[in-house]
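# Tertiary structure, described
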Amino acid sequence: MSVSQTGSEAPAQQRGGPMASETKAPYAAIQAYWNEHIHDLAIATHEIGTLEFFEELDEYRFDKLRYLPKLVDFSAYRGQRLLELGCGVGIDLVHFARGGAQVLGVDLAQRSIELGQENFRLRNLEGAFAVMNGEALDLPDEGFDVVYAHGVVQYTANPARMIEEIHRVLKPGGTAIIMVYNRRSWLRLMSVVMRVSLEHENAPFLRTFSSREFRSLLKPFRSVRMIPERFPVATRLHKGLKAVLYNKLFVGAFNVLPRPLVRWSGWHLMAFAEK
Ligand SMILES: C[S@@+](CC[C@H](N)C(=O)[O-])C[C@H]1O[C@@H](n2cnc3c(N)ncnc32)[C@H](O)[C@@H]1O
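Here's a quick rundown of the structure. (Residues numbered from 1 in each chain as written. Predicted model: local features only at pLDDT ≥ 70, side-chain atom pairs only at ≥ 80, totals over all residues. Heavy atoms only, no water.)

## A closer look at helix α4 (residues 91-98)
Of all eight residues making up α4, seven are buried, and the element is well covered by its neighbours. Those residues of α4 not exposed but buried are Ile91, Asp92, Leu93, Val94, His95, Phe96 and Ala97. Phi turns positive, to about 100 degrees, at glycine 100, one or two residues after α4. (Buried < 20%, exposed > 50% of the residue type's maximum accessible area, 1.4 Å probe, protein only. Helix = DSSP H or I, 4+ residues; strand = E, 2+ residues; numbered from the N terminus.)

## Side note on the site of the ligand
Near the ligand there are 19 residues, and of these Arg61, Gly86, Asp107, Gly134 and His150 occur at the shortest range. Arginine 61 places a polar side-chain atom, nitrogen or oxygen, 2.8 Å from an oxygen atom of the ligand. Protein chains shield 96% of the accessible area of the ligand, which is 590 Å² for the free molecule. Of the residues in the shell around the ligand, the class split is eight nonpolar, eight polar and three charged. (Near = heavy atom within 4 Å. Polar contact = N/O pair within 3.5 Å; in protein donor to acceptor, adjacent residues only side chain to side chain. Areas by Shrake-Rupley, 256 points an atom, 1.4 Å probe, with all protein chains shown as cover. Nonpolar A, V, L, I, M, F, W, Y, C, P; charged D, E, K, R; others polar.)

## Observations regarding unusual backbone geometry
Of note in the backbone geometry, glutamate 142 takes a positive phi value of approximately 55 degrees without being a glycine. Relative to the elements of secondary structure, glutamate 142 occurs in the loop between β4 (128-131) and β5 (144-150). Judged by its relative accessible area of 42%, glutamate 142 falls in the partly exposed class. Unlike most non-glycine residues, arginine 230 shows phi in positive territory, near 75 degrees. Tracing the chain through its elements places arginine 230 in the loop between β7 (223-229) and α9 (240-256).

## Section: the pattern of salt bridges
A full pass over the atoms with the stated rule returns twelve salt bridges. Note that aspartate 141 and arginine 168 form a salt bridge whose closest N and O atoms lie 2.7 Å from each other. Of the two residues, aspartate 141 sits in the loop between β4 and β5 while arginine 168 sits in helix α6 (residues 159-169), which places them 27 residues apart along the sequence. Taking the relative accessible area as the measure of exposure, arginine 168 reaches 23% and is therefore partly exposed. A cluster of three or more residues bridged by salt bridges with shared partners is formed by Asp40, Lys64 and Glu199. (Salt bridge = Lys/Arg side-chain N within 4 Å of Asp/Glu carboxyl O.)

This is the structure we're talking about:
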């Protein structure tokens, strides 16, 4: 395996692996879509690839996902080997690297990997990146203490195969942190009622999961803790009357409801799975 380090001249390369003998069409489609539709690019106002661009995406992400730093302690993995699968432009990976983890970010989208490398270079952080299919990782067994995949499994062609790969590359006792979308959620209901499509609804693959389905997918793991999270915050994506109604009425009203009553409807099913 050759993995390009941030700041090195080596280009990120497409990997082969067990998929090589199978059809590559779904993965080419995934790659083409995500090269075009970098996650959260729609809200960016700064030039792509500048420090201001990465800072804006970071600020937006942690405003939208207020639960994330409460559930995931980015500084808890100092000295540990951490793989982020589907790392996009490395927004979360920056936080793990700052917390002292030895990080590798992989994604099928070459453009994300190049931007992730730039993100690290601009911040003077150490990290390795590679273009890789998360269903056929070109990585040895049991090499990582942590595998993090936030918003990735639901966008791949074969989620079970991705979970097997995550399990394979984790050390015994290692932790997988995985987020998928909850089928029974407030956001899904809102999108139907208000006739507003969900982000990346036209991606080549997009699945939602019930808690039971997600648990069943995670059956290779010894133990699983699952937490539904992500409740409404004001949107920056939509404009007009629907956005005003949503931002002023719905967000305010929803957020005064007691969490135990609405927890089942969190849009993000976060799983902490031990190998
Ligand atoms: C919604 S984005 C999430 C990016 C990042 N994890 C985040 O939370 O901002 C989904 C990412 O998963 C990646 N992805 C989808 N299927 C993949 C696969 N089979 N192997 C590697 N990456 C994949 C896409 O390229 C894309 O960058």
